[in-house]
Amino acid sequence: MNGLIGKKIGMTSVFTTAGKNVACTVVEALPNVVTQVKTKDTDGYFAVQMSYEGSSKEKNTTQQMQGHLSAAGIKSAQKIVEFRDSSLEKNVGDTVTIDDIFAEGDVVNAIGTSKGKGFQGVVKRHNFRGVGDATHGQHNRQRAPGSIGAASYPARVFKGMRMAGRTGGDRIKMKNLNVIKVMPEKNLLLIKGAIPGHKGSLVILEKF
Amino acid sequence: MNLLDYVNSELKKESRFPDFRPGDNIAVSYKIIEGAKERIQIFKGDVIQIKGAGLSKTFTVRKMSSGVGVERIFPMESPNIAEIKVLKRGRVRRAKLYYLRGLVGKKAKIREKKFTKK
């Protein structure tokens, strides 16, 4: 698996040659730096660790982390991600750019943190349909969860019962998205469809 | 420059069509793909609105087809538009000609722009 750490820029749309208008997300992936190469002998598995400097600052980086990153010649990292069984033949300190990995038509996975939505009811959170009608004398049952279990047996609510609560802000992986366009001159990628997260949030792109 | 603006400016192609405005009578040649075959259909009517900007700019063409009003929205950037011909320049006083929807016959006619030589 190869991959890069990028930043979500926003969304736009592209016309394909067939005339279809396709919505796509713009991701900026500045060159990532290889900070560690794990091998079967030393770590038991093979992986390439990559760092994205982003908006990180040296003064907010611990000395331990700075020591780890110094091998690659960088001072700080906003995010560090490991890609297992990478086919890239890179050494510590090398940079990995978009055109090293991605090409038009590739199928990729995108991992991001979804937008936080706060405390939400079951209709939004779990796609419940609510209880009852709007009319026929009913009131305040339209977005209600309904029954959450039986009565004296089991006399408790089962674990994992879907209820209202904090929604969003989860790590979400979108699988099998198409790369529509690669713009290496500005380190930009256009990916078909939506990617979780707000504008400016970090996105991990992986390609098998 | 904002990166999203950059992407949009890279994707946007030079306009292939003549300049037209709401009120103009135009003929749009639109490619229709039926299986493997491709043919061109001409939609002729008045432009009643031009909306949006950049890649998402669209225009609406309205025509009367055997007594029934038909409107079609075309994306300006669609590669399926083969050609646009301006047939008449209309004289109108607003940008969106929605009022035409309520009118039939002679009242729904748009006055033609007269160009005088100076």
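See the structure above.
Cut-offs used in this document
- Counting from 1, residues in each chain are numbered in the order their sequence is written.
- Here every chain gets a letter starting at A, and every ligand a number starting at 1, in the order they are written.
- Local features in this predicted model are restricted to residues of pLDDT 70 or higher, and side-chain atom pairs are both shown and tallied only at a pLDDT of 80 or more, whereas totals for entire chains, interfaces and linings draw on every residue.
- Hydrogens and waters are ignored; side-chain quantities use all the structure's heavy atoms.
- Runs of H or I in DSSP of at least four residues are treated as helices and runs of E of at least two as strands, each being numbered from the N terminus.
- Each radius of gyration is computed over the set of C-alpha atoms, and the globule rule expresses the reference value as 2.2 Å times the number of residues to the power 0.38.
- For every residue, the accessible area obtained with a 1.4 Å probe (protein chains only) is divided by the maximum for its type, and the residue is called buried under 20%, exposed over 50%, and partly exposed between those limits.
- Throughout, a contact is declared for two residues whenever any of their heavy atoms are within 4.5 Å.
- For the purposes of this section, nonpolar cores are sets of buried Ala, Val, Leu, Ile, Met, Phe, Trp, Tyr and Cys residues that join through side-chain atoms within 4.5 Å.
- To count toward a patch, a residue needs a relative accessible area over 30% and no salt bridge; like charges are then connected within 9 Å, while nonpolar side chains (Val, Leu, Ile, Met, Phe, Trp, Tyr) are connected within 5 Å.
- Note that accessible areas follow from Shrake-Rupley with a 1.4 Å probe, and for residues the cover is restricted to the protein chains shown.
- Here, a salt bridge means any Lys or Arg side-chain nitrogen found within 4 Å of an Asp or Glu carboxyl oxygen.
- All tallies of charge rest on Lys and Arg as positive and Asp and Glu as negative; His and the ends of each chain are not included.
- Take the accessible area each of two parts loses on contact, using a 1.4 Å probe, and add the two losses: that sum is the buried area.
- We define a polar contact as two N or O atoms separated by no more than 3.5 Å, with the added condition that, inside protein, one atom must be a possible hydrogen donor and the other a possible acceptor, whereas residues neighbouring each other in sequence contribute only through side-chain atom pairs.
- In this analysis, rings of Phe, Tyr and Trp, with Trp reduced to its six-membered ring, are considered paired at centre separations within 6.5 Å, and the interplanar angle assigns stacked below 30 degrees, edge-to-face beyond 60, and tilted for intermediate values.
- Here, over-ring charges are defined by two tests on the NZ atom of lysine or the CZ atom of arginine: distance to the ring centre within 6 Å, and angle to the ring normal within 35 degrees.
- Between any two strands, at least two bridges found by DSSP are needed for them to pair.

A.B. asks: Explain the overall build of chain A to me, using residue names and the numbers behind them.
C.D. replies: Within chain A, the secondary structure is distributed over 4 helices and 12 strands. In summary, chain A has a C-alpha radius of gyration of 23 Å against a globular reference of 17 Å for 208 residues, an excess of more than 25%. C-alpha atoms of chain A, sized along the principal axes, occupy 70 × 50 × 35 Å. Of all 208 residues assigned to chain A, the portion counted as buried reaches 35%. For chain A, long-range pairs separated by at least 24 residues make up 67% of all intrachain contacts whose partners lie at least 6 apart in sequence.

A.B. asks: Would you mind going over unusual backbone geometry in detail, with residue names and values included?
C.D. replies: All names here are of chain A. With an omega of 10 degrees, the peptide bond running from Tyr-153 to Pro-154 counts as cis. If you trace the backbone, Pro-154 turns up in the loop between α4 (122-126) and β9 (165-167). Positive phi, normally seen in glycine, also occurs at Asn-127, with a value near 60 degrees. By the element assignment, Asn-127 lies in the loop between α4 and β9. The class of Asn-127 is exposed, set by a relative accessible area of 65%. The phi dihedral of Ala-155 is positive, around 60 degrees, even though this residue is not glycine.

A.B. asks: Requested: an account of the nonpolar core, with residues and values cited.
C.D. replies: Among the nonpolar cores identified, the biggest contains 28 residues, and Leu-4, Leu-189, Ile-191 and Leu-205 of chain A are the most heavily contacted of them. For this core, the secondary-structure elements that each account for two or more residues are β1 (2-15), β4 (47-52), β5 (79-84), α3 (98-101), β7 (107-113), β10 (171-183), β11 (188-192) and β12 (202-207) of chain A. Aside from chain neighbours lying at most four places away, what touches Leu-189 of chain A is Thr-25, Val-26, Val-27, Ile-98, Phe-102, Val-179, Lys-181, Val-182 and Leu-205 of chain A. Counting 14 residues, the second largest nonpolar core, distinct from the first, contains Ile-26, Val-28, Ile-32 and Met-76 of chain B.

A.B. asks: I'd like to hear about a nonpolar patch on the surface, residue by residue, with values.
C.D. replies: Among the surface-exposed residues, Ile-148, Val-157, Phe-158, Met-161 and Met-163 of chain A lie close enough to one another that they form a single nonpolar patch of about 390 Å² accessible area. Note on placement: Ile-148 of chain A falls in the loop between α4 and β9.

A.B. asks: Mind laying out the pattern of salt bridges, listing which residues take part and the relevant values?
C.D. replies: Residues and elements named next belong to chain A. A full pass over the atoms with the stated rule returns 9 salt bridges over all chains. We note a salt bridge from Lys-207 to Asp-106, for which the minimum N-O separation is 3.1 Å. Separated by 101 residues along the polypeptide, Lys-207 in strand β12 and Asp-106 in the loop between α3 and β7 bring together distant segments of the chain. Since its relative accessible area comes to 14%, Asp-106 is described here as buried.

A.B. asks: Mind laying out the side chain of Asp-46 of chain B, listing which residues take part and the relevant values?
C.D. replies: Residues and elements named next belong to chain B. When you line up the elements, Asp-46 lands in strand β2 (residues 37-51). One buried charged side chain, Asp-46, makes no salt bridge at all; its nearest oppositely charged neighbour is Lys-88, positioned 7.1 Å away. Asp-46 has contacts with Asp-24, Asn-25, Thr-60, Val-61, Arg-62 and Ile-110, leaving out every residue within four places of it along the chain.

A.B. asks: Please set out the interface of chain A and chain B residue by residue, giving values where relevant.
C.D. replies: Contacts between chain A and chain B engage 18 residues on the former and 14 residues on the latter. Among the residues chain A hides against chain B, the three largest losses belong to Phe-15, Met-183 and Lys-186 of chain A. Together they make up 35% of the total. Our enumeration of links across chain A and chain B arrives at 0 salt bridges. Linking chain A with chain B are 2 residue pairs in polar contact (both at pLDDT 80 or more). Of all the secondary-structure elements, those providing two or more residues to the side of chain A that touches chain B are β1, β2 (21-28), β10 and β11 of chain A. Of the residues forming the side of chain A that touches chain B, the biggest block, 7 residues, is contributed by β1 of chain A.

A.B. asks: Can you break down the packing of aromatic side chains residue by residue, with the values?
C.D. replies: Applying the stated criterion to the full structure yields 4 aromatic pairs over all chains. Note on Phe-20 of chain B and Phe-59 of chain B: the rings are 5.0 Å apart at their centroids and 75 degrees apart in plane angle, and the pair reads as edge-to-face. Of this pair, Phe-20 of chain B sits in the loop between α1 (3-11) and β1 (25-34) while Phe-59 of chain B sits in strand β3 (residues 58-65); the two residues are 39 residues apart in sequence, bridging distant segments of the chain. Of the aromatic side chains, those joined through ring pairs into one cluster are Phe-20, Tyr-30, Phe-43, Phe-59 and Phe-74 of chain B. Seen from the ring of Tyr-45 of chain A, Arg-84 of chain A lies directly overhead, with NZ or CZ sitting 4.1 Å from the centre. In this arrangement the basic side chain of Lys-63 of chain B is found over the ring face of Phe-43 of chain B, its NZ or CZ atom lying 4.6 Å from the centre.

A.B. asks: Could you give me a rundown of the sheet that holds β5 of chain A, with the residues and numbers involved?
C.D. replies: Residues and elements named next belong to chain A. Spatially, the 4 strands line up as an open sheet ordered β5-β4-β3-β6, and their pairing is antiparallel. Bordering the open sheet on either side are β5 and β6 (95-96), each of which pairs with just one other strand. Bridge analysis of strand β3 (residues 32-38) against β6 gives 2 bridges, and the strand direction is antiparallel. Pairing of Asn-32 across the sheet is with Val-96, part of β6.

A.B. asks: For the pairing of β3 of chain A, give the residues involved together with the corresponding values.
C.D. replies: Residues and elements named next belong to chain A. Most of β3 is tucked away, with 5 of its 7 residues classed as buried. Strand direction decides the pairing type here: β3 and β4, joined by 5 bridges, are antiparallel. From the neighbouring strand, Gln-36 faces β4, where its bridge partner is Gln-49.

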